[in-house]
Amino acid sequence: MNVIGTVGLPGSGKGEAANVAEAAGVPVVVMGDVIREECRARGLDPAEHHGRMAGLLREEEGDDAIAARTIPRIREAADDAEAETVLVDGLRSTVELEAFREAFGDEFTLVAIHAPFELRAERLGERGRDDSDSDLEALRERDEREIDLGLGETLERADVEIDNTGTLEAFRERVREVLGVAAESDLHTTGPADAQGGESP
Ligand SMILES: Nc1ncnc2c1ncn2[C@@H]1O[C@H](COP(=O)(O)OP(=O)(O)OP(=O)(O)O)[C@@H](O)[C@H]1O
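Conventions and cut-offs
- Residues numbered from 1 in each chain as written.
- Predicted model: local features only at pLDDT ≥ 70, side-chain atom pairs only at ≥ 80, totals over all residues.
- Heavy atoms only, no water.
- Helix = DSSP H or I, 4+ residues; strand = E, 2+ residues; numbered from the N terminus.
- Areas by Shrake-Rupley, 256 points an atom, 1.4 Å probe, with all protein chains shown as cover.
- Salt bridge = Lys/Arg side-chain N within 4 Å of Asp/Glu carboxyl O.
- Pairing = 2+ DSSP bridges.
- Axes fitted to C-alpha atoms, helices over the stretch in contact; angles between N-to-C directions.
- Contact = heavy atoms within 4.5 Å.
- Phe/Tyr/Trp six-rings, centres within 6.5 Å; stacked < 30°, edge-to-face > 60°.
- UniProt positions renumbered as here; feature names shortened; annotations may be inferred.
- Buried < 20%, exposed > 50% of the residue type's maximum accessible area, 1.4 Å probe, protein only.
- Polar contact = N/O pair within 3.5 Å; in protein donor to acceptor, adjacent residues only side chain to side chain.

### Observations concerning the overall build of the protein
Helix and strand content of the protein: ten helices and five strands. For the protein, the exposed area adds up to about 10700 Å²; of that, 46% sits on carbon and sulfur atoms.

Now the structure itself:
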């Protein structure tokens with residue numbers, strides 16, 4: 001089994017990478033789902049308590065709590081789909097990285113997705129908000145919070161880098177290359193295990 005974890009600052013393209021995986025039949029496990037489920041189990045609204053619950057789980061069960069709860073889900077997702085590759089979205093700290101490295105050894109690959117601040121701000125703005133100063137300030141604060149939690153150090157320890165400064169199609173192609181899958185339109189001719197069709201952007 002290959003487990004591909006993605007890490008990136010807000011708006012870097014993790015959600016898009018997960019969409020590419022799903023479209024190619026690669027199961028996606030979202031670490032945030034663990035937190036949302038725990039909120040519901042405790043009768044709390046995830047929309048309101050997501051951030052606090054993440055902190056609480058780490059306090060109660062250790063810094064690797066969310067990773068530890070995600071690991072069996074990764075194995076289940078692989079079994080259910082009889083898949084060779086699973087994508088995990090949502091790594092945030094080196095403690096989580098260590099937990100995955102311990103569980104999956106060489107079968108775990110950490111992929112860092114990079115895009116500069118201005119580009120991320122612009123892309124997140126296109127997702128529904130305008131790019132007013134308050135939005136830029138909010139993104140700056142989100143970046144800082146993530147980096148404080150350990151995201152910066154985790155990014156530095158990635159095995160593979162994806163630069164997401166070009167077109168969406170170039171990014172999707174690069175993600176497919178890293179996942180070792182062909183584009184959906186190629187599936188009929190080359191099959192999903194054939195990564196040769198992918199070209200670097
Ligand atoms: N290369 C690209 N060109 C144009 N738009 C892009 C590109 N990559 C991503 N986007 C768009 O930018 C927005 C942010 O990307 P995405 O949602 O994947 O980021 P994310 O890392 O999941 O962010 P968050 O951590 O906030 O959930 C999305 O609307 C996405 O479609």
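### A few points about the pattern of salt bridges
Within the structure shown, the criterion is met by 17 salt bridges. Glu169 serves as the salt-bridge partner of Arg172, at 3.9 Å between the closest nitrogen and oxygen. Of the two residues, Arg172 and Glu169 both sit in helix α9 (residues 168–179), three residues apart, roughly one turn of that helix. In this structure, Arg174 engages Glu177 in a salt bridge whose closest nitrogen and oxygen atoms are separated by 2.6 Å. Separated by three residues within a single helix, Arg174 and Glu177 lie in helix α9, roughly one turn from each other.

### Quick notes on the sheet that holds strand β1 (residues 2–8)
Across the sheet, which stays open at both edges, the five strands sit in the order β2-β3-β1-β4-β5 with parallel pairing between neighbours. In this open sheet, the two edge strands, each paired with only one partner strand, are β2 (28–30) and β5 (160–163). Strand after strand, the sheet turns through a mean of 25 degrees between neighbouring axes, direction not considered. Bridge count for β1 against strand β4 (residues 108–114) is six bridges, and the pairing is parallel. Looking at the pairing, Gly5 lines up with Leu110 of β4. Against the sheet, α9 makes contact with β1, β3 (85–89), β4 and β5, and its axis sits at roughly 165 degrees relative to β5, the strand it touches most.

### Some details on the packing of aromatic side chains
If you walk through the whole model with that rule in mind, you get two aromatic pairs. When the centroid spacing of 5.3 Å and the interplanar angle of 10 degrees are considered together, the rings of Phe100 and Phe108 count as stacked. In this structure an aromatic cluster arises from ring pairing among Phe100, Phe104 and Phe108.

### Comments concerning the UniProt feature "binding site: ATP" (unreviewed entry) in the protein
UniProt marks Gly8, Leu9, Pro10, Gly11, Ser12, Gly13, Lys14 and Gly15 with the feature "binding site: ATP" (unreviewed entry), using the numbering shown here. Note that Pro10 resides in the loop between β1 and α1 (14–23). For Pro10, a relative accessible area of 3% puts it in the buried group. Those residues in contact with Pro10 that lie beyond four places of it in its chain are Arg120, Leu124, Leu139, Arg142, Asp143 and Glu146. Relative to the helices and strands, Lys14 is located in helix α1. You can call Lys14 buried: its relative accessible area is 16%. With residues near it in sequence (within four places) discarded, Lys14 still touches Thr6, Val7, Gly8, Leu9, Asp89 and Ile113. Among the polar contacts listed, one links the side chain of Lys14 to the backbone oxygen of Gly8, at a separation of 2.9 Å.

### Overview of the pairing of β3
Where burial is concerned, most of β3 is hidden: five out of the five residues are buried. Here β3 shows two buried faces, one formed by Thr85, Leu87 and Asp89 and the other by Val86 and Val88. Bridge analysis of β1 against β3 gives five bridges, and the strand direction is parallel. For Val3, the partnering residue across the bridge sits in β3 and is Val86. The sheet contact formed by β2 and β3 spans three bridges and is parallel. Residue pairing in the sheet places Val30 in a bridge with Asp89 of β3.

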